Amino acid sequence: MNHASQAHQSSIAQFSLHQPTISYIKTLVMSMLFQHHLKSVIFVIFLPAALAASEKHWNQFRGPEGDGRSPVAGLPAKFDEASNVRWKTAIANQGWSSPVVWDNEIWVTTGSDDKQELRALCVDLNTGKIMKDIKVFDMIERRLDPAYIYDSPHLNSPATPTPVVEQENVYVSFGSQGIACLNRQSGKKIWERRDLRVYQPVRQGSSPIVDNENLYVAYDGTDEQFFVALDKKSGATRWKVSRDIDSDFESLLQKKGMRSKGGKPGDSQKAFATAKLIEVNGKRQLIAPAGEATIAYDPDTGKELWRVRHPGGFNVAARPLYAHDLVYVFTSGLTGYLMAIRVDGTGDVTDSHVAWSTTRSTPHIPSPVILGDLMFLVTDKGGIARCLNAKTGEELWKKRLGGDHWASPLLADGKLYFLSKTGDVRVLAATESAPESVIENELNARFFASPAVAGSSLILRSATHLYCLQEGHQRTAEQVAADVYPAASATGGKPAWSKSNQSTKQERLGELRKQLGGLVKAGTLTRQEAMEIFQAAQNKE
């Protein structure tokens, strides 16, 4: 056996086909080929590019403007568990909060129902090393409503709201479990509030947002709903307003031919959305979706400016967008509305200021993205990507990507990134006509959090890991094989690699045989080398 074949077998001996998916097998084989063809390799370490003067920090949910857009060019469009991966770091416990970035720091939050604690983590952008692991709160015991027993915990995590990071401080929210301000350098807690509480049977998801003076966040539970502005420096309440929304849920059910069976009390009152600050004719508005209505407030006083009702459109999770003098709202619940609302009204403007509206193939959970006159969205179920005219709502094209999507898409350098709950990342051109091709990437991951951008790096948070993807980097087969996956994930205690999402031994080996056969036909491997690789994998099984 030659030296290259020994290297191949040595690599295979360090992993079991029980853990990785087929994408890993492909990665391993290509890594072997890399070793086989290059007699000498010079590895050059590229540090993530410093933030350009025109690029803002990705410091909140969906980026500096809260719209999922980045001006950066050169993000990797094709990757797997090895290629174009700078580093991959395991994140303990559970959390669906999206990563936020300031300078060379990435911040995420996590929670553990077993340990009954909530934490904030700071990860070094250059190395993937966890620099700070801060215990923020011990959990307050949660009341569990039997009516929602099948909705919790697999429909949410203990750490879903995304933090906000600034030059000096990090603001972390865990919904009714508490909100706190941490010093970014020391990790010391500056202030906390644990008195802002509602009952949310499936936990909360609304992320905080900030301006120069205040922090704003929604509390929309089944028992009480309010919106609050806190002083950023002290945590003191600046204003707090009840979100009074009349709802005749029983009549709505009857209109839809449905009958209430006692069901889920207060279900139509809860929401998970993050607010958005906009400016209209020199005056600011705070757009805050709630259960069955979206309300615009004066951010300085909390005074209600206008509202639009969307009966049956509750459980709102997507963040609003603002373009073309229109606010775009996306709902869930019984009716998934997509509404384009003119922002110059007062009072209840449901019948006067809705420019256009649709309930067809709308995104119940992931927030869309707008580029010029084009709105790009993806359905949470089935992964149908659509392009609409943002001014009129006219559909321009649609394409089935597959999978279920809870993460919001990213737009960068004319490309759209869509992340599914099964680890597929589809990349396609953000064009007015239907893209001719789709780049298909597969990672050993489940994505609930939305992506972030840091310099020339794409930051992805899965249910178990944090990825830093950057062009020109390659992880070895040994590094990929060393990845550790927890026995249970954040989706209700199911094993991270259960039988339901693993192929059988025969299927895995059959796929490997096909891959090796193709490489032999291409002249990349000799038949003997391919046989040795396959036999080593078969023995390892």
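Cut-offs used in this document
Residues numbered from 1 in each chain as written. Predicted model: local features only at pLDDT ≥ 70, side-chain atom pairs only at ≥ 80, totals over all residues. Heavy atoms only, no water. Helix = DSSP H or I, 4+ residues; strand = E, 2+ residues; numbered from the N terminus. Contact = heavy atoms within 4.5 Å. Salt bridge = Lys/Arg side-chain N within 4 Å of Asp/Glu carboxyl O. Buried < 20%, exposed > 50% of the residue type's maximum accessible area, 1.4 Å probe, protein only. Pairing = 2+ DSSP bridges.

Chemist: I'd like a description of the environment of phenylalanine 376, backed by residues and values.
Modeler: With respect to the element layout, phenylalanine 376 can be found in strand E25 (residues 374-378). The spacing of phenylalanine 376 and leucine 416 is 40 residues in sequence and 8.4 Å in space, taken between C-alpha atoms. Beyond its immediate stretch of four places on either side in the chain, phenylalanine 376 contacts Pro368, Val369, Leu371, Arg386, Cys387, Trp397, Leu416, Ala430 and Thr431.

Chemist: Hey, could you go over the pattern of salt bridges for me, with residue numbers and the actual values?
Modeler: Counted according to the given criterion, the structure contains 26 salt bridges. In this structure, glutamate 395 engages arginine 386 in a salt bridge whose closest nitrogen and oxygen atoms are separated by 2.8 Å. Judged by its relative accessible area of 3%, arginine 386 is buried. Salt bridges sharing partners connect three or more residues here, namely Glu81, Lys88, Arg475 and Asp483.

Chemist: Could you give an account of the sheet that holds strand E22 (residues 347-348), with specific residues and numbers?
Modeler: If you trace the five strands from one edge of the open sheet to the other, you get E15-E16-E17-E18-E22, paired in mixed fashion. Only two strands of the sheet have a single neighbouring strand rather than two, namely strand E15 (276-280) and E22. The pairing of strand E16 (residues 283-290) with strand E17 (residues 293-297) spans five bridges and is classified as antiparallel. Its bridge partner lying in E17, leucine 286 is registered against tyrosine 297.

Chemist: Before we move on, can you summarise the environment of methionine 339 with the specific residues and values?
Modeler: Here methionine 339 is to be found in strand E21 (residues 338-342). Separated by 19 residues in sequence, methionine 339 and threonine 358 place their C-alpha atoms 6.7 Å apart. The residues touching methionine 339, leaving out its near neighbours within four places in the chain, are Val308, Arg309, His310, Val327, Tyr328, Val329, Val354, Trp356 and Ser357.

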